[in-house]
Amino acid sequence: MSNAIDTNNKIASYDYIIAGAGGAGLSLLYYLLESPILTTKSILVIDQSFEKTNDRTWCFWEKERSAFDNLVKNSWETISIHADSFNKALSTAPFTYKMIQGIDFYNTVLSKAKAAVNVHFQEATILSITAINQVNKSTLITNKAAKVVWENGSAIGNYVFSSLLPFQMNQLATAAAYSQSLQTKETISKKAPFLWQHFKGRVVQFQQSVFNPAVAKLMDFNVPQQGATAFMYQLPLNEKEALVEYTIFSENVLSIAEYDKVLDTYLTNEFSGKSYSIIHEEIGAIPMTLLPLSNYQAPIYAIGALGAAIKASTGYAFQFIQVQCKQLVKQLEQGQSIQPQVHNTRHQFYDAVLLHVLFHHKMEGSAIFKRIFAKNKAATVFKFLSNTSTILEDIQIMRSLPTPIFLPAAIRVLLRRV
Ligand SMILES: Cc1cc2nc3c(=O)[nH]c(=O)nc-3n(C[C@H](O)[C@H](O)[C@H](O)COP(=O)(O)OP(=O)(O)OC[C@H]3O[C@@H](n4cnc5c(N)ncnc54)[C@H](O)[C@@H]3O)c2cc1C
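Residues numbered from 1 in each chain as written. Predicted model: local features only at pLDDT ≥ 70, side-chain atom pairs only at ≥ 80, totals over all residues. Heavy atoms only, no water.

Points about the nonpolar core
Generally speaking, a soluble globular protein has its nonpolar side chains buried in company with each other.
Next up, step 1: Counting 79 residues, the largest nonpolar core has L28, L29, L32, F68, F105, F161 and Y246 as its most contacted members.
Next up, step 2: No other element matches helix α1 (residues 23-34), which puts eight residues into this core.
Next up, step 3: Discounting residues that sit within four places of it in the chain, L32 has contacts with Y16, I18, L38, I43, V329 and L332.
Next up, step 4: Counting residues in hydrophobic clusters, the runner-up holds 50 residues, among them V357, F359, F384 and I397. (Core = buried A, V, L, I, M, F, W, Y, C linked by side-chain atoms within 4.5 Å. Buried < 20%, exposed > 50% of the residue type's maximum accessible area, 1.4 Å probe, protein only. Helix = DSSP H or I, 4+ residues; strand = E, 2+ residues; numbered from the N terminus. Contact = heavy atoms within 4.5 Å.)

Right, here's the structure in full:
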């Protein structure tokens, strides 16, 4: 229900409130600051902490240089896939696979924003965001707005963009608690499957050269599958250093010790017991689902992970967040209605089919990805996973997969109308 608030009250009011200054909130802020049309708009950015740490490494592929290209720490033109005796290196051309460190992104956007007079910051834990009706005392005109409340204060925004999830993606405990709060497997699967892409990564440093810096190992399935789909992800920064991440697509997250055990064994076996030091670690649990995670209504808009920017079948989100935020700024500039939706229906259908197959264990993930990469160019797969493939390219990808498994899954998804 909406509350009525008059415009003469003491609550500070802003054109835009960005609730959550992570990947999506700061991307939106960046594109708002870049807009030549929205320079006079007042913006309030709220986060529980602006003491940012290097809590995540973002990787993605793109053809051209883009807004954050100067932050790219490393990039690769070749990727490789490994499963049993299958080993394949593929050129990514015309795409480049890129890596950005979270901390570089946070610092860049925050320092740009701190220099802007129209941007205000509030460090606080948000308790609620609700739609209200705002009444102008002199004109008696009512307009919709939203009220954001934190422990010792509140503010009103004409538009509120929220990326506040009910769990923290870099804290496994909150993801596990969220999992438990979800309905039963049967109820979820009737609506749409829900899996976590969960992982622990280490940046390791050897004393001698052990990595080929030219090749990003995208998926090495020769690791314990945990009764689901699991792979090692290995991104060399140079010949001695790499990010090595044990990643699983499954219903439940593991304990830290379980990821560590697999990482220890893998690093020992892969590098013949050579010693290494761990110079950085990161953990994550990314929701893979087509279930909506938010039910906000105008003028409150969900963005980022909360706003369905994550590709449900892969967990990639960074590039979709960029598309979403650029799209929102364009809509604001042109006074259009706000549509944060980034994934098109056709590609969402493919995501739903793949998730159905993985969730119901109809085919092993290692076999699916092995077949896709064995029979297609990396560029075709990247286009497919970026939602930019043509129908002909989609058919090409689908022909890589076994019809007796994927056709019934597609029918189940259509009947479920995800
Ligand atoms: C470790 C990790 C690695 C990832 N790697 C990749 C990758 O390589 N490629 C890729 O495409 N995607 C990746 N992702 C997925 C996705 O791109 C990121 O999760 C991205 O950060 C999502 O942005 P977001 O703004 O939705 O969420 P976040 O970046 O998590 O931002 C949410 C913000 O809200 C704040 N917040 C939360 N609750 C409150 C509250 N109550 N009050 C105030 N503030 C609050 C948090 O402090 C945070 O700053 C990764 C995710 C993780 C966790």
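Quick look at the sheet that holds strand β16 (residues 241-250)
Next up, step 1: The strand order across the open sheet formed by seven strands is β7-β6-β14-β15-β16-β13-β17, and the pairing between neighbours is mixed. On the outer flanks of this sheet lie β7 (86-91) and β17 (276-289), each paired with one strand and no other. In this sheet, neighbouring strand axes are inclined to one another by 15 degrees on average, regardless of whether the strands run parallel or antiparallel.
Next up, step 2: Its contacts with the sheet put helix α7 (residues 345-359) on β13 (194-206), β15 (229-236), β16 and β17, and the angle it makes with β13 is roughly 85 degrees. (Pairing = 2+ DSSP bridges. Axes fitted to C-alpha atoms, helices over the stretch in contact; angles between N-to-C directions.)

What to know about the side chain of S35
Next up, step 1: Tracing the chain through its elements places S35 in the loop between α1 and β3 (43-47).
Next up, step 2: From its side chain, S35 meets the backbone nitrogen of I37 in a polar contact 3.1 Å long.
Next up, step 3: Here E333 takes part through its side chain, which lies 2.5 Å from a polar atom of the side chain of S35.
Next up, step 4: Setting aside its immediate chain neighbours within four residues, S35 contacts V329 and E333. (Polar contact = N/O pair within 3.5 Å; in protein donor to acceptor, adjacent residues only side chain to side chain.)

Some points on the environment of Y30
Next up, step 1: Here Y30 lies in helix α1.
Next up, step 2: Take Y30: its relative accessible area is 12%, and that puts it in the buried class.
Next up, step 3: Remark: the alpha-carbon pair of Y30 and L110, spanning 80 residues in sequence, is separated by 8.7 Å.

With respect to a nonpolar patch on the surface
Next up, step 1: A surface patch of nonpolar side chains, amounting to about 320 Å² of accessible area, comprises I391, L392 and I395.
Next up, step 2: When you line up the elements, I395 lands in helix α10 (residues 391-398). (Patch = residues over 30% accessible without salt bridge, like charges linked within 9 Å, V, L, I, M, F, W, Y side chains within 5 Å. Areas by Shrake-Rupley, 256 points an atom, 1.4 Å probe, with all protein chains shown as cover. Salt bridge = Lys/Arg side-chain N within 4 Å of Asp/Glu carboxyl O.)

Concerning the packing of aromatic side chains
Aromatic rings in a pair are described by how distant their centres are and how their planes are angled relative to each other.
Next up, step 1: In total, this model carries 38 aromatic pairs according to the counting rule given.
Next up, step 2: Centre to centre, the rings of F194 and W196 are 5.1 Å apart; their planes meet at 75 degrees, and the pair counts as edge-to-face. Assigned by exposure class, F194 and W196 land together as buried.
Next up, step 3: Ring centres 6.5 Å apart and planes at 80 degrees place the aromatic pair F249 and F369 in the edge-to-face group. Placement of the pair is F249 in strand β16 and F369 in helix α8 (residues 365-375), with a sequence separation of 120 residues.
Next up, step 4: Assessed through its relative accessible area of 6%, F369 is described here as buried.
Next up, step 5: Feature note: the residues Y30, Y31, W58, F60, F68, F105, Y106 and F318 constitute an aromatic cluster, connected by ring pairs.
Next up, step 6: Above the ring of Y106, the side-chain terminus of K52 is found at 4.9 Å from the ring centroid. (Phe/Tyr/Trp six-rings, centres within 6.5 Å; stacked < 30°, edge-to-face > 60°. Lys NZ or Arg CZ within 6 Å of the ring centre and 35° of its normal.)

A word on the site of the ligand
Next up, step 1: Taken together, the neighbourhood of the ligand is formed by 31 residues, with A24, D47, A305, A317 and F318 sitting nearest.
Next up, step 2: At a separation of 2.8 Å, an oxygen atom of the ligand approaches a polar side-chain atom of R56.
Next up, step 3: Measuring from an oxygen atom of the ligand, one finds a backbone N or O atom of F318 at 2.7 Å.
Next up, step 4: For the shell around the ligand, the secondary structure elements donating two or more residues are α1, β4 (57-62), β17 and α6 (318-333).
Next up, step 5: Among the residues making up the shell around the ligand, the classes are represented as 16 nonpolar, 10 polar and five charged. (Near = heavy atom within 4 Å. Nonpolar A, V, L, I, M, F, W, Y, C, P; charged D, E, K, R; others polar.)

Brief notes about the environment of K326
Next up, step 1: With respect to the helices and strands, the residue K326 is situated in helix α6.
Next up, step 2: As for K326 and P340, which are separated by 14 residues in sequence, their C-alpha atoms are 9.9 Å apart.

Side note on helix α5 (residues 256-270)
Next up, step 1: Taking 1.5 Å of rise per residue, the 15 residues of α5 would be expected to cover 21 Å, and the 21 Å separating its terminal C-alpha atoms lies within 8% of that figure.
Next up, step 2: If you follow the buried residues of α5, they end up packed against α3 (172-181), β13, β14 (215-220), β15, β16 and β17.
Next up, step 3: With its phi angle positive at about 45 degrees, S272 sits one or two positions after the end of α5. (Expected span 1.5 Å × (residues − 1).)

Regarding unusual backbone geometry
Next up, step 1: Here A93 and P94 are connected by a cis peptide whose omega angle stands at 5 degrees.
Next up, step 2: Structurally, P94 is set in the loop between β7 and β8 (96-101).
Next up, step 3: A cis amide bond links A298 to the next residue, P299, at an omega of 5 degrees.
Next up, step 4: For P299, the position within the fold is in the loop between β17 and β18 (300-302).
Next up, step 5: The phi torsion at L140 lies on the positive side, around 60 degrees, for a residue other than glycine.
Next up, step 6: Within the secondary structure layout, L140 lies in the loop between β10 (126-135) and β11 (142-150).
Next up, step 7: Look at Q226: it is not a glycine, yet its phi comes out positive at around 55 degrees.

As for the state of the cysteines
Next up, step 1: Applying the stated criterion across every chain, the model contains zero disulfides.
Next up, step 2: Of the cysteine sulfurs around C59, a residue in no disulfide, the closest is that of C325, at 19 Å.
Next up, step 3: Take C59: its relative accessible area is 9%, and that puts it in the buried class. (Disulfide = S-S within 2.5 Å.)

Limitation: the analysis is restricted to geometry and does not speak to function.
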